[in-house]
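# Close look at the chain arrangement
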Amino acid sequence: MVKNIIQAIDATAKAHLDQLAFDEMGVTHNYRDVLTASNSFAAWLDAQELPANGPILFYGDHQFEMVAGFLGGLKAGHAYIPVETASAIPRVQSIIDTAKPQLIVAIDPFPADNFNYDGIILDRTSLVAIFAKAVTYQVTHAVSGMLPFYILFTSGTTGSPKGVPISHDNICSFANWMLGPDFNLPAGQTYLGQTPFSFDVSHMYWLTSMLSAGTIKAIPSKVVQNLGQLFTCLPKLYLNVFVGTPSFGEMLLLSPDFSASKMPSLKYFIFCGEELTVSTVKRLFARFPDAHIFNTYGPTEAAVAITSCEITHEMVDTLERLPIGYDKPGVTTSIWDGKQQVTEVGKHGEIVITGDSVAAGYLNNPTKTAESFFQIDGRQSYRTGDAGFITADGLRHIIGRMDFQIKLHGFRVELDEVRTGLERSAYIKQAVAVPKYNQQGQAQHLIAYVIAKPNHFETERELTAAIRTSLKGQIMNYMMPTQFKYVAHFPTSANGKIAVKQLIAEANPTCH
Ligand code: AMP
């Protein structure tokens, strides 16, 4: 059981000095490098006399310097704020204004002229020079207990991003769960390092790996964006554990090499961040028949993920939508109908999370904190805005975002339910349903964005007619979209999830 993450990572590193800790496309670092770099950086930070426990903003991609920098900062008592290179300027300015970091570590060049910021900027060359100094560092004031470990900013498409400080104890509870029997991951595994550090799902690979003497196989974003390069490097990573969104899993399934015959060491798949569909898991099982596939669920506000279960062959054969699993130790999820807890099995309502993973609130934002955070019997709780239900066996299910629930001619319609319905058609690979609003903001009809399976139809009109016929009796009439738009792929957010809100905005250019 890990009590203190910094001590535990240091202990792992000391016991595996020559073991490979980080490999970014052949640029490798062992656990000795992790120790030296983080200690040297912590010593340098102490000498700067920054405000005690003030956060540090890290601007970069998937480099070793990001992780070593986070650890050095934590040793000196500072939380990290990871910000992806080339993030939109207003977003970065809003993060600076909200979190007020006194140090920006620019692993990639930081366009300082674009920002109103008067703190220190440390560039990569200077950081690497600091890392190289071998110092003896005594860890005396590392981040612990309820102090912030990291601050992540929500990726909402409207309004300013909200800062979520996650405490050492919040994330320690998550780390112990990842290392425990629910996942049963062996030590010394190689982890896919694809999700950006600014997306909290990255903790599933980097913390878990560092706490179990594993190796992070980091893939830079520019490689992820180039399918040819990505698919070429994939089998050479000798991965054991995939961590990522279902959308990224779908992307990898486009490569014929993403299979047990070409990647025999890849045994574990941990999904998070958006719905894992039956269709994705079926295709994955066809490629990796013996894989352990986990669906996990959670919002940033409850430290990465708080429910999980292993998806079985039986589940994909019998269920239409997959469960998000059982609660992690220390957390209780419950279903709320307005202000009341709903105890009836199967009853729909909002998913509320209670327990030791839940953040204290939003950074410097009491109004938003009061809207979403509250206490149940003295335990910290968070309203997720997700609709869900619990079945008799205790499994949790998500229906969709409450704000993706619309009224269409009097019917309550879940956009995710329409999508699931559409994907029953043999002609559809993936679909997203969005509402078309009138000037009064009322939903008038549904538009389906569709990635079609290869087919013999000569026109989209013929394909649409065939889809409609194939869905007769498969989807409620009022849920049938009136318009079908065919696309090669869906837009994704910075975190690699399908950007449903972007499609809604595209379909409704004059609505705000
Ligand atoms: P984020 O805070 O960006 O990680 O987003 C959290 C939201 O992603 C949740 O509130 C859900 O709406 C969605 N989400 C996360 N995991 C899953 C999952 N396994 N299935 C369906 N939706 C998910």
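Structure shown above.
In this report, we go over the structure that sits alongside the text. Everything numeric here is computed off the predicted structure, so don't read it as measured data.

The secondary structure content of the protein chain amounts to 16 helices and 26 strands. In terms of overall dimensions, the protein chain is globule-like: its C-alpha atoms have a radius of gyration of 23 Å, near the 24 Å expected for 512 residues. A principal-axis box enclosing the C-alpha atoms of the protein chain has dimensions of 70 × 50 × 50 Å. Taking all contacts inside the protein chain whose residues are at least 6 apart in sequence as the whole, residues at least 24 apart take part in 65%. Of the accessible surface of the protein chain, which amounts to about 21,800 Å², a share of 53% is contributed by carbon and sulfur atoms. Between the averaged position of the 39 positive side-chain charges in the protein chain and that of its 46 negative side-chain charges there is a distance of 4 Å.

Within the structure, the ligand sits among 15 residues, and Asn 295, Thr 296, Thr 300, Asp 386 and Lys 497 are positioned closest to it. Between the ligand and the protein, one listed contact pairs a nitrogen atom with a backbone N or O atom of Thr 296 at 2.8 Å. In this structure, an oxygen atom belonging to the ligand sits 2.6 Å away from a side-chain N or O atom of Thr 300. Notes on the ligand: free accessible area 500 Å², of which the protein chains cover 86%. Among the secondary structure elements, those contributing two or more residues to the shell around the ligand are strand S13 (292-297) and strand S21 (396-401).

For the rest of this paragraph, the subject is unusual backbone geometry. Most peptide bonds are trans, and most residues other than glycine sit at a negative phi. The backbone of Glu 49 sits at a positive phi, close to 50°, despite the residue not being glycine. Relative to the helices and strands, Glu 49 is located in the loop between helix H2 (31-48) and strand S3 (56-60). Its identity is not glycine, yet Asn 184 carries a phi of approximately 55°, on the positive side. By the secondary structure assignment, Asn 184 is in the loop between helix H6 (168-179) and strand S9 (190-193).

Turning our attention to the pattern of salt bridges. According to the stated counting rule, one finds 18 salt bridges in the structure shown. One salt bridge in this structure joins Asp 10 and Lys 75, with 2.9 Å as the shortest N-O distance. Of this pair, Asp 10 sits in helix H1 (residues 5-15) while Lys 75 sits in helix H3 (residues 64-75); the two residues are 65 residues apart in sequence, bridging distant segments of the chain. Note on accessibility: Asp 10 and Lys 75 belong to one class, buried. With its nearest N and O atoms 2.5 Å apart, the salt bridge here joins Asp 18 to Arg 32. With Asp 18 in the loop between H1 and strand S1 (20-24) and Arg 32 in helix H2, this residue pair connects regions lying 14 residues apart in the sequence. Classification of Arg 32 as partly exposed rests on a relative accessible area of 36%.

Evaluated as defined, the whole model comprises 28 aromatic pairs. On the numbers, 5.8 Å between centres and 65° between planes, the contact of Phe 22 with Phe 64 is edge-to-face. One end of the pair, Phe 22, is in strand S1; the other, Phe 64, is in helix H3, and 42 residues separate them in sequence. On the basis of relative accessibility, which here comes to 0%, the residue Phe 22 falls in the buried class. Considering the side-chain rings of Phe 197 and Tyr 205, the 6.2 Å spacing of their centres and the 45° angle between planes classify their relative orientation as tilted. Take Tyr 205: its relative accessible area is 1%, and that puts it in the buried class. An aromatic cluster of at least three residues, connected via ring pairs, comprises Phe 58, Phe 70, Tyr 80, Phe 149, Tyr 150, Phe 197, Tyr 205 and Trp 206.

Below, the discussion takes up the environment of Thr 296. Relative to the helices and strands, Thr 296 is located in strand S13. Residue classification places Thr 296 among the buried residues on the basis of a relative accessible area of 2%. Contacts of Thr 296, omitting those with residues within four sequence positions, involve Phe 183, Met 204, Ile 270, Phe 271, Cys 272, Gly 273, Ala 305, Thr 307 and Ser 308. Engagement of the side chain of Thr 296 in a polar contact is seen with the backbone oxygen of Phe 271, the distance being 2.8 Å.

Looking now at the pairing of S9. Residue alternation in S9 divides its side chains into two sets, Thr 190 and Leu 192 and Tyr 191 and Gly 193, and both sets are buried. Examined bridge by bridge, S9 and strand S10 (residues 215-218) share 4 bridges and lie parallel to one another. Its bridge partner lying in S10, Thr 190 is registered against Thr 215. At this point the chain moves from S9, through helix H7 (residues 203-211), to the parallel S10, and the crossover so formed is right-handed.

Our next topic: the nonpolar core. If you look at the biggest cluster of nonpolar residues, it comprises 86 residues, and the most contacted ones within it are Phe 41, Met 204, Trp 206 and Met 210. Those residues in contact with Met 204 that sit more than four places away from it in its chain are Phe 174, Met 178, Tyr 191, Val 243, Ile 270, Cys 272, Thr 296, Val 304 and Ala 305. Judged by nonpolar contacts, the second largest core, of 35 residues, contains Leu 415, Phe 457, Ala 466 and Leu 471.

Another aspect to go through is the environment of Lys 429. Along the polypeptide, Lys 429 turns up in strand S24 (residues 428-437). Non-local contacts of Lys 429, meaning those with residues more than four positions away in its chain, are made with Glu 250, Leu 254, Ser 279, Arg 283, Glu 423, Ile 451, Ala 452 and Lys 453.

As a further point, take helix H11 (residues 278-287). Within the span of H11, buried status applies to Val 278, Thr 280, Val 281, Leu 284 and Phe 285. Seen along its axis, H11 keeps its buried residues to an arc of 160°; they face one direction. Buried positions along H11 lie against helix H10 (246-253), strand S12 (268-271), S13, strand S14 (307-311) and helix H12 (313-318).

Regular strands place their side chains on alternate faces of the sheet. Of the strand pairs in this sheet, strand S19 (residues 373-376) and strand S20 (residues 379-390) are connected by 4 bridges, and their pairing is antiparallel. Residue pairing in the sheet places Phe 374 in a bridge with Ser 381 of S20. Linking S19 to S20, which pair antiparallel, is a turn of 2 residues; within it Asp 377 sits at a positive phi near 50°.

What counts, and where the lines are drawn
Residues numbered from 1 in each chain as written. Predicted model: local features only at pLDDT ≥ 70, side-chain atom pairs only at ≥ 80, totals over all residues. Heavy atoms only, no water. Helix = DSSP H or I, 4+ residues; strand = E, 2+ residues; numbered from the N terminus. Rg over C-alpha atoms; globule rule 2.2 N^0.38 Å. Contact = heavy atoms within 4.5 Å. Areas by Shrake-Rupley, 256 points an atom, 1.4 Å probe, with all protein chains shown as cover. Lys, Arg positive; Asp, Glu negative; His and termini not counted. Charge placed at Lys NZ, Arg CZ, Asp CG, Glu CD. Near = heavy atom within 4 Å. Polar contact = N/O pair within 3.5 Å; in protein donor to acceptor, adjacent residues only side chain to side chain. Salt bridge = Lys/Arg side-chain N within 4 Å of Asp/Glu carboxyl O. Buried < 20%, exposed > 50% of the residue type's maximum accessible area, 1.4 Å probe, protein only. Phe/Tyr/Trp six-rings, centres within 6.5 Å; stacked < 30°, edge-to-face > 60°. Pairing = 2+ DSSP bridges. Right-handed = clockwise from strand over helix to strand, strands pointing away. Core = buried A, V, L, I, M, F, W, Y, C linked by side-chain atoms within 4.5 Å. Arc of directions from axis to C-beta.

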